[in-house]
Amino acid sequence: VLQAGVQQARHPGATPAVLRSAVEQAVLLEKELVVDPEWFLRWSERTGGAGVDVRVKEGTHHNELTRHRYEVVLHKPDAAKPGDALPLDAVPTVEWDGDLDRLADQVGGRNEAVVRVTGVPNARLADEFAAARELGQEDPGAPTVPPLDPPLIRAWAARHGWDAVVTWSADAVEQVDVLVFRDGPVAGRILTGAYVPGQGDRTPVNNPAVASAITALLPALRTYLRDTLPEYMVPAAIVPIGSVPLTDNGKPDRRALPVPDFAAGGSGRAPSTPEEESLCALFAAVLGLDRVGVDDNFFTVGGHSLLATKLVSRVRAVHGVEIPIRLVFQAPTVAELAAHLTSLSN
């Protein structure tokens, strides 16, 4: 869901097929450790912990921290006496129907001290989940009840003299569960079982080492190809993908591949002379990149013979110097070409 929103912002106007591939690529190259809340429950069970309390992040602003991160409290066995922990995994449930007044009547009319409200769409994720749904990454069905913002849920509970704990729903990534405590504040109490694990068998953690290995492989592969192939056969970009997108006929769908990042193979070293600075700007303008480093190879970061012709024309217009097009192939970096530009200008 996070990457659906990120890739949609990065590639405005891209087709759903391209965005889907970009999302899959971003997940493949994720370098941060991503842990499912269920991992902590399993870990606590294996180690004999006193319990696990999982909650959504506090905060009123919608950002990556509040949308996609959560808090976990691990209770040690020697830190709690028998009976101190309040188990919440089996408390009675009420389904959210979109009406807070009706929910107040439902909760207030029960005898139990704690009630779980399920199926509450998380307003923090509404836009990103809609983007993921459009890409076919999530259930195509649109929410049938209005979403709620976690801070508003707690404020609603406080108006009735209750307290509320908001945790993730294991059944739907865009939903939360709300534990309503009718007997007052829960601060200082040891809670367990607020987060109820799902029934499916899913991978609890990703493997960032895979992303690191792919990242390390790309420059080595580029070097190998430059050393073994003629210049015109070296790929302008190498794009790692988790799987090959296919058409309805089962053939590779080239139009669904992620957009190549031609600047990925560049060194990024900044220019140190006026000639290098000018050529960096010309390289970037011709290649349609935000910036180019002085050691970036024109053909590695997206150039080809037609763009080389355009580069020669730009150099002539800016510097009044005629550079043979073969020189771009012989000296394809800004640093190499700048040396020739200086000698031709003198």
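Everything below is about the structure shown above.
Computed from a prediction, not measured in an experiment: that's the story for all the values here.

Visitor: Any chance you could explain the overall build of the protein chain here in plain terms?
Guide: Each helix and strand in the protein chain was counted, giving twelve helices and eight strands. Against the 2.2 N^0.38 benchmark of 20 Å for 346 residues, the protein chain shows a C-alpha radius of gyration of 28 Å, more extended than a compact globule. The principal-axis extents of the C-alpha atoms in the protein chain amount to approximately 90 × 45 × 40 Å. Residue burial in the protein chain is summarised as follows: out of 346 residues, 38% are buried. Taking the contacts inside the protein chain whose residues are at least 6 apart along the sequence as the reference set, 65% of them involve residues at least 24 apart. Here the protein chain has roughly 19,000 Å² of accessible surface; of this, 53% comes from carbon and sulfur atoms. Where the 32 positive side-chain charges of the protein chain centre and where its 44 negative ones centre are 3 Å apart.

Visitor: Looking at this model, I keep getting lost on the nonpolar core. Mind explaining?
Guide: One recurring pattern in soluble globular proteins is that nonpolar side chains are buried together. In this structure, Val120 and Val178 are the most contacted members of the largest nonpolar core, which totals 28 residues. Setting aside anything within four residues of it in sequence, one finds valine 120 in contact with Trp96, Leu148, Ile153, Glu174, Gln175, Val176 and Val178. Counting 27 residues, the second-largest nonpolar core is a separate cluster that includes Leu311, Ile323, Leu327 and Ala338.

Visitor: Just to check I follow, could you spell out the pairing of strand β1 (residues 51–56) for this structure?
Guide: Consecutive residues of a regular strand have side chains that alternate between opposite faces of the sheet. In terms of residue burial, β1 counts as a mostly covered element, since five of its six residues are buried. In this structure, β1 lies alongside strand β2 (residues 70–75), joined through six bridges in antiparallel fashion. Across the sheet, the residue bridging to arginine 55 is glutamate 71, located in β2.

Visitor: It is not clear to me how the pattern of salt bridges should be interpreted in this structure. Could you clarify?
Guide: Any two side chains of opposite charge can pair, on the condition that their charged atoms come close. In the structure shown here, the tally under the stated rule is 14 salt bridges. Measuring nitrogen to oxygen at the nearest pair gives 3.6 Å for the salt bridge that ties arginine 102 to aspartate 99. Residue class for arginine 102 comes out partly exposed when judged on its relative accessible area of 41%. The network of salt bridges with common partners includes Glu32, Glu64 and Arg69.

Visitor: Would you explain the packing of helix α1 (residues 2–10) against helix α6 (residues 126–134) in this entry?
Guide: Each pair of packed helices gets described by two things: the angle between the helix axes and the distance between those axes. It is the contact of α1 with α6, at a shortest axis distance of 8 Å, that shows an interaxial angle of 80 degrees. Between α1 and α6, the interaxial angle falls into the category roughly perpendicular. Taken together, the residues of α6 that come into contact with α1 (itself represented by Leu2, Ala4, Gly5 and Gln8) are Glu128, Ala131, Ala132 and Glu134.

Visitor: Help me understand the sheet that holds strand β4 (residues 93–95), please; the structure alone is not making it clear to me.
Guide: Two strands in a sheet stick together by hydrogen bonds in their backbones, pointing the same way (parallel) or opposite ways (antiparallel). Taking strand neighbours across the sheet as the criterion, the four strands line up as β4-β5-β7-β6 in an open arrangement whose pairing is mixed. Looking at which strands have only one partner, the edges of the open sheet turn out to be β4 and β6 (163–168). Strand-to-strand twist across the sheet, computed as the mean angle between neighbouring axes with direction ignored, equals 25 degrees. Across six bridges, the pairing between β6 and strand β7 (residues 175–181) is antiparallel. Within β7, the residue paired with alanine 164 across the bridge is valine 180. Sheet strands in contact with helix α7 (residues 150–159) are β5 (114–121), β6 and β7, and its direction is about 155 degrees off that of β6.

Reading guide: rules and limits
Residues numbered from 1 in each chain as written. Predicted model: local features only at pLDDT ≥ 70, side-chain atom pairs only at ≥ 80, totals over all residues. Heavy atoms only, no water. Helix = DSSP H or I, 4+ residues; strand = E, 2+ residues; numbered from the N terminus. Rg over C-alpha atoms; globule rule 2.2 N^0.38 Å. Buried < 20%, exposed > 50% of the residue type's maximum accessible area, 1.4 Å probe, protein only. Contact = heavy atoms within 4.5 Å. Areas by Shrake-Rupley, 256 points an atom, 1.4 Å probe, with all protein chains shown as cover. Lys, Arg positive; Asp, Glu negative; His and termini not counted. Charge placed at Lys NZ, Arg CZ, Asp CG, Glu CD. Core = buried A, V, L, I, M, F, W, Y, C linked by side-chain atoms within 4.5 Å. Pairing = 2+ DSSP bridges. Salt bridge = Lys/Arg side-chain N within 4 Å of Asp/Glu carboxyl O. Axes fitted to C-alpha atoms, helices over the stretch in contact; angles between N-to-C directions. Parallel < 35°, antiparallel > 145°, perpendicular 65-115°, else oblique.

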